[in-house]
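# Summary of structural features
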Amino acid sequence: MIHFKRLATAVALGALAAGGALAQEISAPNLSYRTGPFAATGIPVMNGQIDYFTMLNERDGGIGGVKVNFYECETGYNTEKGIECYEKTKSDAIVTQPWSTGITLQVLPKSNVDEIPILAPGYGFSAMADGSVFKWAFNLPSSYWDAASMILKGLGGDDMSGLEGKKIAFLHLDHPFGKEPLPYLEKKAEDVGFELVPIPVGLKEMQNQSAQWLQIRRERPDYVVMWGWGAMNVGALTEAVKTRYPMDQFVGVWWSGHSDDLQVVGEDGKGYRSISFNAPVENAPVMDDIKEFVVDTGKTQSDEEQRSEVFYQRGLVMSAALAEAIAAAQTHFETDVIDASQLRWGLENIEMTEERIAELGMTGMVPPFSTSCSDHTGHSGGWLLEWDGEKFVKASDHLMADAEDIEPLEKQKAQEYAEANAPWPTQDCEM
């Protein structure tokens, strides 16, 4: 495995030759949610994220010879608290990670003024993929529209023709996160010829969804697609089992594929699937390094079971992408302590090739992807994971989203956003 120490030599020698001292750290705050109704979802991902940077700090002395201060500001998934955390942490931050589509949408206009990149891995406003409009926002490696496309392909075949004449219930949190895929789903319903039945779940209804599942029983959909998070997932799965809805016709977004949620229903949840841009690989080399440098030294909040699961390893993948962007920026700008503007360049120049993923000890954990000035998502694709009664396992080949439909929608919605928030600065990605 290639460590980040290889980058440290050139950067450190350059700094010493210039007569300067090596700086102490790079500040990368995370607006976490370890409390509140979505804590069960947030905790394992946050643990994976921070453990990866702890591993780099302990194993390699950080990135490029500089330790990363990856610290948290608790939001409880509350938008108001999220904005407070953003304002509190932005002074020395090279990045902000809002961890809520609602918080992301509130921070988005601030990014052009504060010039701090927003990193929203697998969440946020899908049109942020258009880097010419959203210069400071990134939602790599896949967006919610990508997720919706892959789910439809998984259910109806690569051209989705198998969905013609079908009825799909869209069970979603009545929140910006849950509404985000609607523009794409509505377009595909019209193009392909299936009926889309949106069924919202209010924040106060997450644990008691009897009304929603009564509607599902009445509608008799061919499939239920769930855009749920935290307590909503358990509520939906419990109701699905109670009403005997066929689990092989029930599919969720990646935030609806948490092992702890499925353990509540156990064997009764067998056959349920979720799309995911990462897959758990227990024997991946990176897991050995996590054990040696983080677990065995008592520097983790995770446990052995959690570390083998999808969400914890998703946190590792997310932090690996950020670390790659930091390293790319250090090399390009020939400096050890990068600033927010330099990280923005790094985030536009991530190259997660199969070879690099293998060097990171993450083969099989994430598909290859790359970013650019015009593409701030990378559109990595993913896999359908299936609950086998005890754990999630891969249940499909690598799926890719329908770029022909998604890219025009990204440009359309990005332009609409820019016009609604004029004057909105853009960048020329053809240079």
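Provided above is the structure to which this section pertains.
Residues numbered from 1 in each chain as written. Predicted model: local features only at pLDDT ≥ 70, side-chain atom pairs only at ≥ 80, totals over all residues. Heavy atoms only, no water.

## Quick look at the packing of aromatic side chains
For the structure shown, the criterion picks out 29 aromatic pairs. A centroid spacing of 6.3 Å and a plane angle of 90 degrees characterise the contact between Tyr-52 and Phe-53, whose relative ring orientation is edge-to-face. Looking at Phe-53, the relative accessible area reads 1%, which means it is buried. Taking NZ or CZ as reference, Arg-314 lies 5.0 Å from the ring centre of Trp-255, over its face. (Phe/Tyr/Trp six-rings, centres within 6.5 Å; stacked < 30°, edge-to-face > 60°. Buried < 20%, exposed > 50% of the residue type's maximum accessible area, 1.4 Å probe, protein only. Lys NZ or Arg CZ within 6 Å of the ring centre and 35° of its normal.)

## Some words on the nonpolar core
Phe-134, Leu-171, Trp-227, Phe-250 and Trp-255 are the most contacted members of the largest nonpolar core, which totals 94 residues. No other element matches helix α5 (residues 144–156), which puts eight residues into this core. Counting 44 residues, the second-largest nonpolar core is a separate cluster that includes Ile-63, Ile-94, Val-95 and Leu-322. (Core = buried A, V, L, I, M, F, W, Y, C linked by side-chain atoms within 4.5 Å. Helix = DSSP H or I, 4+ residues; strand = E, 2+ residues; numbered from the N terminus.)

## Side note on the pattern of salt bridges
If you walk through the whole model with that rule in mind, you get 20 salt bridges. Across the salt bridge formed by Glu-359 and Arg-356, the nearest N and O atoms sit 2.8 Å from each other. With Glu-359 and Arg-356 both in helix α15 (residues 354–359) and three residues apart, this pair spans about one turn of that helix. Its relative accessible area of 9% is what places Arg-356 among the buried residues. A salt bridge links Lys-413 to Glu-416; the shortest N-O distance between them is 3.5 Å. Within this pair, Lys-413 and its partner Glu-416 are both found in helix α16 (residues 403–420), separated by three residues, close to a single helical turn. (Salt bridge = Lys/Arg side-chain N within 4 Å of Asp/Glu carboxyl O.)

## Observations regarding the packing of helix α2 (residues 39–60) against helix α13 (residues 310–333)
Two numbers describe how α2 lies on α13: the axes approach to 7 Å, and their chain directions differ by 45 degrees. Here α13 runs oblique to α2, going by the angle between their axes. Relative to α13, α2 is oriented so that their crossing is right-handed. Mapping the contact onto sequence places Thr-41, Pro-44, Val-45, Asn-47, Gly-48, Gln-49, Asp-51, Tyr-52, Phe-53 and Leu-56 in α2 and Phe-311, Tyr-312, Gly-315, Leu-316, Met-318, Ser-319, Ala-320, Leu-322, Ala-323 and Ile-326 in α13. A class-by-class count of the residues in the contact of α2 with α13 yields 13 nonpolar, six polar and one charged. (Axes fitted to C-alpha atoms, helices over the stretch in contact; angles between N-to-C directions. Parallel < 35°, antiparallel > 145°, perpendicular 65-115°, else oblique. Left-handed = near helix turned anticlockwise from the far one by under 90°. Contact = heavy atoms within 4.5 Å. Nonpolar A, V, L, I, M, F, W, Y, C, P; charged D, E, K, R; others polar.)

## Concerning the pairing of strand β7 (residues 223–227)
For β7, the buried fraction is high: five of the five residues fall into the buried class. Residues Tyr-223, Val-225 and Trp-227 line one face of β7 and the alternating positions Val-224 and Met-226 line the opposite face, and both faces are buried. Note: strand β5 (residues 167–173) against β7, five bridges, orientation parallel. In the strand pairing of β7, Ile-168 is matched with Tyr-223. (Pairing = 2+ DSSP bridges.)

## Quick word on the state of the cysteines
Scanning all chains against the criterion turns up two disulfides. Note on cysteine connectivity: Cys-73 is disulfide-linked to Cys-85, with sulfurs 2.0 Å apart. Negative torsions about the S-S bond denote left-handed disulfides, and the value of about -80 degrees found for Cys-73 with Cys-85 makes this one left-handed. Within this pair, whereas Cys-73 is found in the loop between β2 (67–69) and α3 (79–89), its partner Cys-85 is found in helix α3, the two being separated by twelve residues in sequence. An identical accessibility class is assigned to Cys-73 and Cys-85; each is buried. Shown here is the disulfide that connects Cys-373 with Cys-429, its sulfur atoms set 2.1 Å apart. When the S-S torsion is -75 degrees, as for the bridge of Cys-373 with Cys-429, the disulfide is left-handed. Of the two residues, Cys-373 is situated in the loop between β11 (369–370) and β12 (383–387) and Cys-429 in the segment after α16; the sequence distance between them amounts to 56 residues. (Disulfide = S-S within 2.5 Å.)

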